[in-house]
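Residue-level structural notes
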Amino acid sequence: MLDNLALGLQTALSFDNLLWCFVGVFAGTLLGVIPGIGVLAAISMLLPLTFQLDATAALIMLAGIWYGTSYGGSTASILLNVPGTPSSAITALDGYPMARQGRAGVALLMTTIASFTGGSIGILLLMGFSGSIAQVALQFSSAEYFALMLLGLVAASSMSSGAMSKGLIMVCLGMLFGLVGSDVYTGTRRFTFGMIELADGIALVALALGIFGLSEVIVSIGKIDAKDIDSRSIGLKSMKPTREDVRRSWPPMLRGAAVGSFFGTLPGTGPSIAAFMSYAMERRVSKTPEKFGTGEIEGITGPESANNAADQTAFIPTLALGIPGSATMALMLGALMIHGIAPGPQLMTEQPSLFWGLVMSFWIGNLLLLVLNIPLIGLWVRLLTVPYQWLFPAVLMFICIGTYSVNSSGFDVLMVAMFGILGYALRLLSFPLAPMLLGFVLGPMMEEHFRRAMLLGRGDPLVFLSRPISAVVLLLTLGLLLLGIRSTLRARRLRAQAAHGPR
């Protein structure tokens with residue numbers, strides 16, 4: 001372990017990796033502060049920049065954007081009551097009232113400290129458990145991988161916002177887009193409609209930028225107003241918390257880190273659910289739950305610690321098993337594959353400098369975020385005063401340049417526009433978009449493992465039930481599916497009763 005940590009520290013402290021770590025956390029904080037961008041749009045926009053880097057630097061930068069947006073997202077939540085990212089939405093409930101009471105500086109400082117605490121505990125768990133999980137995963141065959149990926153997709157569908165049926169439709173749509181291109185076994189072209197540009201499949205960058213980047217910009221136009229912010233009122237002096245603030249903040253931070261670490265490892269949950277669960281826990285254990293929503297410091301420190309812990313532990317299944325639990329982790333997995341690195345349990349043994357370099361960069365990135373978020377808070381606050389109509393043309397320009405720079409292809413830019421319109425229409429119809437990206441990334445991998453398992457089983461589908469781990473995971477998937485259907489039917493029945501009124 002010590003040798004691995006030394007190797008990781010040496011890798012993370014190299015000049016190039018330090019530079020890209022700083023670029024990642026700075027860009028993540030900047031884009032997280034701006035309402036309406038979101039972590040998926042931020043990573044999608046900056047993903048093309050990483051294609052010219054080596055795999056370690058690319059992942060370090062993308063990871064920096066990932067947890068940088070969580071830090072930055074809380075700033076808009078507290079000052080504007082408009083969440084910069086979904087995971088910081090719950091912070092607005094008590095953060096915004098604190099700002100209205102003249103305590104915005106204290107709220108911003110305590111959320112930064114809570115984020116650092118949760119992130120640090122998540123990194124420790126990532127270092128401690130990834131190796132053990134990878135050792136177990138080395139015994140897995142294609143049947144187990146297929147079952148685990150199926151569980152991840154069903155979990156993502158059932159736990160996403162909205163009806164489960166809509167989540168499943170989006171997973172299937174994503175898998176359908178993932179099947180476009182040449183068959184890896186026979187070379188037969190599928191769903192290309194005679195277009196040579198689709199022979200290699202739909203580019204991950206085009207789909208992610210269109211669905212999350214372009215549609216997010218369209219949705220945000222005209223909805224964000226920064227006129228209420230007084231940037232001069234927030235400075236270092238206003239950030240000093242009282243002893244009572246510090247005393248009340250530590251227990252929620254530790255409880256939030258525990259909640260976030262647990263939910264971060266589960267497929268389909270992620271930092272948003274972790275933050276909401278932490279807030280619910282703080283209300284439950286509080287002696288004055290009726291005060292939540294009026295500016296209680298426990299209402300911001302617990303959720304902020306939870307979403308940052310979840311950000312870190314989400315890497316455990318992604319790196320140790322090669323199975324992403326969320327759409328953001330699917331983008332990370334896509335970046336690994338673009339660089340020619342196969343994710344999975346062999347990653348730790350075949351690419352130790354990448355794995356441990358990435359893990360140790362998390363410590364450096366979290367320390368950099370402390371530096372960026374406390375002394376430079378005035379800069380982030382002033383950024384919120386820039387009218388959004390000036391920002392979104394720049395965002396659109398970065399989307400077009402980023403897409404074109406990957407393959408010098410105008411067709412990819414058209415694909416971004418098409419997916420942007422599709423994403424906007426799906427948002428209007430309340431379809432969750434994250435399951436679609438998971439289906440797009442996991443679909444081809446599931447197909448490959450399914451066909452390989454069927455070949456090994458000589459065409460007998462019972463091969464998936466003859467192996468104990470695969471059978472247990474498939475049973476869990478079935479149970480989750482039935483639970484989701486039951487919840488959907490119950491919700492529909494309650495809505496019908498409410499519509500007809502009491503009899």
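The structure we're discussing is the one just above.
Bear in mind the structure is a predicted one, so any value in this text is a computation, not a measurement.

Thresholds, definitions, all that
Residues numbered from 1 in each chain as written. Predicted model: local features only at pLDDT ≥ 70, side-chain atom pairs only at ≥ 80, totals over all residues. Heavy atoms only, no water. Salt bridge = Lys/Arg side-chain N within 4 Å of Asp/Glu carboxyl O. Helix = DSSP H or I, 4+ residues; strand = E, 2+ residues; numbered from the N terminus. Axes fitted to C-alpha atoms, helices over the stretch in contact; angles between N-to-C directions. Parallel < 35°, antiparallel > 145°, perpendicular 65-115°, else oblique. Contact = heavy atoms within 4.5 Å. Nonpolar A, V, L, I, M, F, W, Y, C, P; charged D, E, K, R; others polar. Patch = residues over 30% accessible without salt bridge, like charges linked within 9 Å, V, L, I, M, F, W, Y side chains within 5 Å. Areas by Shrake-Rupley, 256 points an atom, 1.4 Å probe, with all protein chains shown as cover. Core = buried A, V, L, I, M, F, W, Y, C linked by side-chain atoms within 4.5 Å. Buried < 20%, exposed > 50% of the residue type's maximum accessible area, 1.4 Å probe, protein only. Phe/Tyr/Trp six-rings, centres within 6.5 Å; stacked < 30°, edge-to-face > 60°. Lys NZ or Arg CZ within 6 Å of the ring centre and 35° of its normal. Left-handed = near helix turned anticlockwise from the far one by under 90°.

**Things to note about the pattern of salt bridges**
Inspection of every chain in the model, using the stated rule, returns eleven salt bridges. A salt bridge links Glu298 to Arg248; the shortest N-O distance between them is 2.9 Å. With Glu298 in helix H12 (residues 298–313) and Arg248 in helix H10 (residues 243–265), the pair connects residues that are 50 residues apart, well separated along the chain. Among the charged side chains, a salt-bridge network with shared partners connects Asp183, Arg190, Glu447 and Arg451.

**Observations regarding the packing of helix H1 (residues 2–12) against helix H16 (residues 352–373)**
Interhelical geometry of H1 versus H16 gives an angle of 70° and a closest axis separation of 7 Å. Our classification of the angle between H1 and H16 gives roughly perpendicular. Contact residues: Asn4, Leu5, Leu7, Gly8, Leu9, Thr11 and Ala12 in H1; Pro352, Ser353, Trp356, Gly357, Met360, Ser361 and Ile364 in H16. In the contact of H1 with H16, the residues fall into eight nonpolar, six polar and no charged.

**Here we look at a nonpolar patch on the surface**
Taken together, the side chains of Leu475, Leu478, Leu482, Ile485 and Leu489 define a hydrophobic patch exposed on the protein surface, amounting to about 490 Å² of accessible area. Mapping Leu489 onto the fold places it in helix H22 (residues 468–500).

**Thoughts on the nonpolar core**
Ranked by internal contacts, the top residues of the largest apolar core, which has 110 residues, are Ile202, Leu207, Phe315, Met332 and Leu437. Top contributing element to this core by residue count: helix H4 (residues 55–80), with twelve residues. Those residues in contact with Phe315 that sit more than four places away from it in its chain are Ala63, Trp66, Leu126, Ala320, Met329, Met332, Leu358 and Phe362. Grouped together as the second largest cluster of nonpolar side chains are 19 residues, Ile78, Met98, Ala107 and Trp380 included.

**Here we look at the packing of aromatic side chains**
Evaluated as defined, the whole model comprises eight aromatic pairs. Ring geometry for Phe177 and Phe419: centres 5.2 Å apart, planes at 85°, overall edge-to-face. Separated by 242 residues along the polypeptide, Phe177 in helix H8 (residues 164–178) and Phe419 in helix H19 (residues 410–428) bring together distant segments of the chain. Among the residues examined, Phe177 registers a relative accessible area of 15% and is labelled buried. Here a set of aromatic residues connected by ring pairs shows up, and it is made of Phe146, Phe450 and Phe464. A cation over a ring is seen here: Lys166 above Phe431, with NZ or CZ 5.1 Å from the ring centre.

**Focus: the packing of helix H5 (residues 91–100) against H12**
H12 packs onto H5 with a crossing angle of 140° between their chain directions and a minimal axis gap of 8 Å. Taken together, the axes of H5 and H12 are oblique relative to one another. Taken as a pair, H5 and H12 cross one another with a handedness that is left-handed. Where H5 approaches H12, its residues Thr91, Asp94, Gly95 and Met98 are matched on the opposing element by Gly299, Ile300 and Glu304. Classifying every residue of the contact of H5 with H12 by side-chain character gives two nonpolar, three polar and two charged.

**Concerning the environment of Gly457**
Checked against the element boundaries, Gly457 lands in the loop between helix H20 (434–456) and helix H21 (463–466). For Gly457, a relative accessible area of 18% puts it in the buried group. The spatial distance from the C-alpha of Gly457 to the C-alpha of Ala143 is 9.6 Å, given a sequence separation of 314 residues.

**What to know about the side chain of Thr117**
Within the element layout of this structure, Thr117 appears in helix H6 (residues 104–137). For Thr117, the contacting residues outside a window of four places in its chain are Trp250 and Met253.

**Some words on the environment of Ile65**
As for its position among the elements, Ile65 is in helix H4. Expressed as a C-alpha distance, the spacing of Ile65 and Ala27, which sit 38 residues apart in the sequence, is 6.2 Å. Contacts of Ile65, omitting those with residues within four sequence positions, involve Gly24, Val25, Gly28, Ala42, Ile43 and Leu46.

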